[in-house]
Amino acid sequence: MKQTYLQRSSLGQKSKFRQWSTACLSLLMILLHMTTWAQQRTLTGKVTSAEDGSDLPGVSILVVGTSNGTQTAADGTYKISVTSGSKLRFTSVGMISQEIDITNQTTLDVTLQPNSQSLSEVVVVGYGTQRKADVTGATATVTSKDFNAGVLNNPLQAVQGKVSGLVISAPNSDPTNNRPTIRLRGTSSLSANSEPLIVIDGVAGAPLNSVAPEDIQSVDVLKDASAAAIYGSRGANGVIIVTTKKGTAGRTSVEYSGYISMGKEVRRPGFLTPDEFRAKLAERNVTGQDFGASTNWIDQVTQTSWTQNHSVAVSGGAEKFSYRGSLVYLDQPGIVKNSGFNRINARLNLVQKALDDRLEIQLLLSHQTNNKKFVDYGALRSAVRFNPTQPIYNADGTFNQPQGQFEVENPLARLMQLTNEGKERQTLLNAKASYEIVKGLKVGVNASQSTFDYLYGFFIPSYFRGSGNSISRARRETQEVLDRLIESTVNYSNTIDKHNFSVLLGHTYQKVSNEGFGAEHSNFPDAFGYNNLESGNDNADGSTNRRVNSYKSEAILVGLIGRLNYSYNEKYLLTANIRRDGSSRFGANNRWGWFPSVSAGWRLIEEDFIKSSNLFSDLKLRAGYGVTGNQDGIADYAARRLYGSQGSYYTNGGFQTAYFYSQNANPDLKWETSAMTNIGVDFGFMKGRLTGSLEFYYKDTRDLLFNYPVAIGSRYGSQQLVAGTNNVLANVGRVSNKGVELALDFQAISKQDFEWRTTLNLAHNTNKIVSLSNDLFQYNTSNPILYGGFGSGQGGIASPIVLQEGYPIGTFYGPRVTGFNDRGEYIYQDLGGGGTQPAGADRTYLGNAQPKLTLGWQNNFTYKNWDLSFFFRGSLGQKVANGMYIYFANPNRFPGENLLKDAFTTGIGTGVSSAWSDLWLENASFVRLDNFRLGYRIPGLKKILQNAQVYISGQNIFVITKYRGADPEVRTGDSRSQYGSISDDNRAVNLSPGVDPVSYYPRARTLVAGVSLTF
């Protein structure tokens, strides 16, 4: 009975379970069907433009997170299947993308606003921001999405070639030479710094290398004086404003990006191979110069460079607080052995709002450490000169070091035996606060402190052949630069009816101190390196090689600033700036200077007669004039009389150091002054698909800083100086730059799965030295100064560049060669100068090192999850003096040195030395595939990653040029010491462009593989 009951009970329970299961399943199916019926439906609507109410065809509509999408028809209508709770994204060229949540509606009409790239984009200007539509000066913006791809060890490499008129030149792949030459609208100084002022997050003069490229959000370039005058005596060369990335409210985001790259030398000059060298020995019946080996010395001193870069950033925040912290590591060995660079960047950006968002506080902290191993350029010179039949090592494993010829030595030994290294530490602390007292009225304060520390070490061991007397030598140097800045501003903005205006008033105070110490000694055990200088010994004759130096200087800059921005009906625009600067660097009679500017704009697109044409999507005419200054060529105490040591005198039973005048005073010394007129037009066509700007400018720079001789006892001349030449730094000359710039941005294709965007920028600049004399100071135009050296070992070759009124900076000067006589001697063109010698009167102006046209052409493609970009950069019309060919294309140096293959086809005869002439001046025009990038965004990882992308990229893929040297892009005015340290002498950099030295660091082609992840 019990068993029967249990069985029946169990059967009953199973039956009830089946009934309940069937009922629940049926109910669930009904609910799912009802839910599906309720969510899956067809949504229809129309998309129009907010600008004129017109229908927008071809608008891409996508259900976010899916592949479900469509496009609007010719009349702007659309139809798409949607579900409740989904989100639609509407995207159109020239319009701001819009995302809309879907609930229960069956129709949805959408109005799109004009694209941020045309009207509502925010441009960072001095001490604030403006809508792009309201800007009246000449500006350009490059955001991080448009940065150059590849290995970037300097932030401005990210925008190289991207801005018309901005030329950034980093011609070789020396990783320690990470300070490219920067020119904005030409060179306008002789002795002063010609590079733009760098502003990082509002800190004027901040070190460019204090920020890693991965941390930069955008780079804004202020080109003309009407935009740059707010920076007064430092804005003459334009301003580059760097804005770093900040955190945003929302969930915490963790970003990682990393890459590895391989760098190899490209465009090696055509020197004789070992077999070709032997063949030339036999052809010329030379004996005793074949040492049996086959050594490619360039191969021996170069290597494949494997670079790695890793960046981690954490960002996020809440409604009132946001943060972003990042850590970036770059390790970049050089393609030349025993050279390299590594860097660690750490950055923290914090933003806090309070008091109903009226108070905003920002704290920015960055620290960077650089380690550099400097290359020995003498070893690079030896690598192309050294006999290729010489072996690398002796039988006992030591370096083969033949004796006899100056600077012709085993290049690998020289490269590996020297120690030449430095460490840099840069810390920047920046705090900002702004408070809105009443609506529209804000007060702000910006305070920063930048500290730069440098530690340098150099060591030559006693067994190094090039040290001359076979004793060890070492040097240590330290430097500290402390830059303190505090700025206070008041800003009031308001709109009354159709009148919109804002007023800025401010005060700035900046103090920079620079101090350092150096010591060197010799003749101590090699094991000490440079770490035990006091152990050195004096020479056998009692003389000493001990050297000690130290220095300290300070400079103070005080500024008062004011700006007015006004617009009427968003149609007529006016901007006026004024700055008054006082600097301790200026002479006593010129402590203060005024720097005004004014610019106006007319937004023609707002006029009915333009709107009705339906031709333009944007049209604005701009004109501006302003005055800026340049004080960076004035040393901290350049206006004062200085004293220096001169010999010694005997007193009280011993010798004491004597002091005398070492520098004349100039109480009238002041800044260089640049007055610039700029006329520009911004335009847009095809509903914003094609946008651009056209600029015309004229820049007149006066009161150029230059050293002039003065008579003893005259107004500026003291008694005879210690240096022996009585001169003074004075404001005399005048230089002009005028040009035209064009920038175009075209969204060629914008489909649901495929887009193509192309940008092009072109710039032409004409430079001219107007005058070099005035009533007090005279420049000898009949015997002008020559500049530009080809490096050590040039053998007395004349400097090729002349400084002359009426000609551009960088003008080549010398004789013209018309051929060779029967003895292989040069035949020079007779220009009526009474002779045909290269150093005589028959010299003329041969061309210029400045390009006639610079260009950059970028193309970006996206197809579904793929993206491809490539960038061409070019420079046309410039000349370069080929120092390598002057030296290594002379067959008379054979067989003592290896030569270029072309040396034996030049026509130079026996006993004829190298000489500068137009024979060695070449057209260095080039177009370079500067970089490319191919990336793939990995789909289906939304639950794990917000973004996951892998990519490959490359730099310096190929170059099209007729130039025969290692590379047509020559760094302006390199000035290197024997052991490779680079001089920052402004005069050498400004006045010696286009001179390709004998020694060169090869340019590399790099291939990069990387990944970018966002968690």
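Residues numbered from 1 in each chain as written. Predicted model: local features only at pLDDT ≥ 70, side-chain atom pairs only at ≥ 80, totals over all residues. Heavy atoms only, no water.

Participant: Pulling in residues and values, what's your account of the overall build of the protein chain?
Facilitator: A tally of regular secondary structure across the protein chain gives 10 helices and 49 strands. Each of the 1015 residues in the protein chain was classed as buried or not, and the buried ones make up 50%. Long-range contacts, defined as pairs at least 24 residues apart, comprise 71% of the intrachain contacts of the protein chain with a sequence gap of at least 6. Within the structure as shown, the protein chain displays about 45,000 Å² of accessible surface, and the carbon and sulfur contribution to it stands at 55%. (Helix = DSSP H or I, 4+ residues; strand = E, 2+ residues; numbered from the N terminus. Buried < 20%, exposed > 50% of the residue type's maximum accessible area, 1.4 Å probe, protein only. Contact = heavy atoms within 4.5 Å. Areas by Shrake-Rupley, 256 points an atom, 1.4 Å probe, with all protein chains shown as cover.)

Participant: Please provide a residue-by-residue account of helix α4 (residues 274–283), values included.
Facilitator: Helical periodicity: at 3.6 residues per turn, an α-helix aligns residues three or four positions apart in one direction. Those residues of α4 that sit buried are P274, F277, K280 and L281. Around the axis of α4, the buried residues are gathered within 120° of arc, so they sit on the same side. Exposed residues on α4 whose side chains face more than 90 degrees from its buried face are D275, A282 and E283. (Arc of directions from axis to C-beta.)

Participant: Outline the sheet that holds strand β5 (residues 87–91), supporting the account with residue identities and numerical values.
Facilitator: On the basis of which strands lie adjacent, the open sheet formed by 4 strands has the order β3-β2-β5-β6 and antiparallel pairing. Strands at the two margins of the open sheet, each flanked by one partner only, are β3 (69–71) and β6 (98–101). Looking at each pair of strands side by side, their axes are set apart by 20° on average, direction ignored. Summarising the sheet, β5 and β6 pair through 4 bridges and their orientation is antiparallel. Residue L88 lies in a different strand from β6, and its bridge partner there is I100. (Pairing = 2+ DSSP bridges. Axes fitted to C-alpha atoms, helices over the stretch in contact; angles between N-to-C directions.)

Participant: Mind laying out the side chain of T1006, listing which residues take part and the relevant values?
Facilitator: Looking at where T1006 falls in the secondary structure, it is placed in strand β49 (residues 1004–1014). With near-sequence residues (within four places) excluded, T1006 lies in contact with M262, G263, S953, G954 and Q955.

Participant: Can you lay out the pattern of salt bridges for me, pointing to particular residues and giving the numbers?
Facilitator: Counted by the stated rule, this structure contains 49 salt bridges. One salt bridge connects D134 with R131, and the closest N-O pair in it is separated by 3.3 Å. Relative accessible area serves as the criterion here: at 29%, R131 is assigned to the partly exposed category. Of the charged contacts in the structure, one is a salt bridge between K145 and D146, with a shortest N-O distance of 3.4 Å. Classification of D146 by relative accessible area gives buried; the value is 17%. (Salt bridge = Lys/Arg side-chain N within 4 Å of Asp/Glu carboxyl O.)

Participant: So what's going on with the nonpolar core? Which residues, and what values?
Facilitator: Core analysis: the biggest nonpolar cluster contains 36 residues, and F790, F812, Y826, F888, W916 and W920 have the highest contact counts within it. Of all the secondary structure elements, the ones that give two or more residues to this core are α4, β40 (826–828) and α9 (883–888). At 5 residues, α9 tops the list of elements feeding residues into this core. Beyond its immediate sequence surroundings of up to four residues, F888 is in contact with F271, V384, R385, E897, N898, L899, L900, A903 and V998. (Core = buried A, V, L, I, M, F, W, Y, C linked by side-chain atoms within 4.5 Å.)

Participant: Could you give an account of the side chain of Q804, naming the residues involved and the relevant values?
Facilitator: Examined against the element boundaries, Q804 turns out to sit in the loop between β37 (801–802) and β38 (811–814). Among the polar contacts made by the side chain of Q804, one reaches the main-chain carbonyl oxygen of T781 at a distance of 2.9 Å. A polar contact is formed between the side chain of Q804 and the side chain of Y845, at a distance of 3.3 Å. For Q804, the residues in contact, after removing those within four places along its chain, are I769, L772, Y779, T781, P784 and Y845. (Polar contact = N/O pair within 3.5 Å; in protein donor to acceptor, adjacent residues only side chain to side chain.)

Participant: Can you lay out unusual backbone geometry for me, pointing to particular residues and giving the numbers?
Facilitator: Here the bond from F894 into P895 is cis, since omega is 10°, no more than 30 degrees from zero. For P895, the location among the structural elements is in the loop between α9 and β45 (921–923). Its identity is not glycine, yet R267 carries a phi of approximately 55°, on the positive side. Taking the relative accessible area as the measure of exposure, R267 reaches 29% and is therefore partly exposed. Unlike most non-glycine residues, M686 shows phi in positive territory, near 55°. By the element assignment, M686 lies in the loop between β32 (672–685) and β33 (690–709).

Participant: Before we move on, can you summarise the confidence of the model for the protein chain with the specific residues and values?
Facilitator: For the protein chain, per-residue confidence averages 87 on the pLDDT scale, and residues scoring 70 or more make up 89% of the total. Note on residues 23–38: pLDDT is under 50 here. Beyond four places in sequence and across chains, it has 1 contact. A low-confidence stretch, residues 974–984 stays under pLDDT 50, and its non-local contacts, those more than four residues away or across chains, total 27 contacts. (pLDDT = per-residue confidence, 0-100.)

Participant: Talk me through a nonpolar patch on the surface; I want residue IDs and the actual numbers.
Facilitator: Judged by side-chain polarity, V490, V503, L505, L564, L574, V598 and Y625 come together as a nonpolar surface patch covering roughly 530 Å² of accessible area. Looking at L574, the relative accessible area reads 32%, which means it is partly exposed. (Patch = residues over 30% accessible without salt bridge, like charges linked within 9 Å, V, L, I, M, F, W, Y side chains within 5 Å.)

Participant: Hey, could you go over the sheet that holds strand β10 (residues 139–143) for me, with residue numbers and the actual values?
Facilitator: Taken in spatial order, the 5 strands of this open sheet run β10-β15-β16-β13-β14, and their pairing is mixed. Two strands in the sheet have a free side with no partner beyond their single neighbour: β10 and β14 (203–204). As paired strands, strand β13 (residues 197–200) and β14 are joined by 2 bridges and run antiparallel to one another. In the sheet register, V199 faces β14, and the bridge partner there is A204.

Participant: Can you explain the environment of I241? Please cite residues and give values.
Facilitator: Considering the arrangement of structural elements, one finds I241 in strand β16 (residues 239–244). Under the relative-accessibility criterion, I241 is labelled buried at 4%. Remark: the alpha-carbon pair of I241 and G126, spanning 115 residues in sequence, is separated by 8.2 Å. Setting aside residues up to four positions removed in sequence, I241 forms contacts with V124, V125, G126, V199, S218, V219, D220, L222 and Y231.

Participant: I'd love a proper account of the pairing of strand β46 (residues 926–937), names of residues and values included.
Facilitator: As paired elements, strand β43 (residues 866–876) and β46 share 10 bridges and run antiparallel to each other. Among the inter-strand pairings, F871 is bridged to a residue of β46, identified as N931. Here β46 runs beside strand β47 (residues 947–961); their pairing, made up of 11 bridges, is antiparallel. Residue pairing in the sheet places G935 in a bridge with Y951 of β47.

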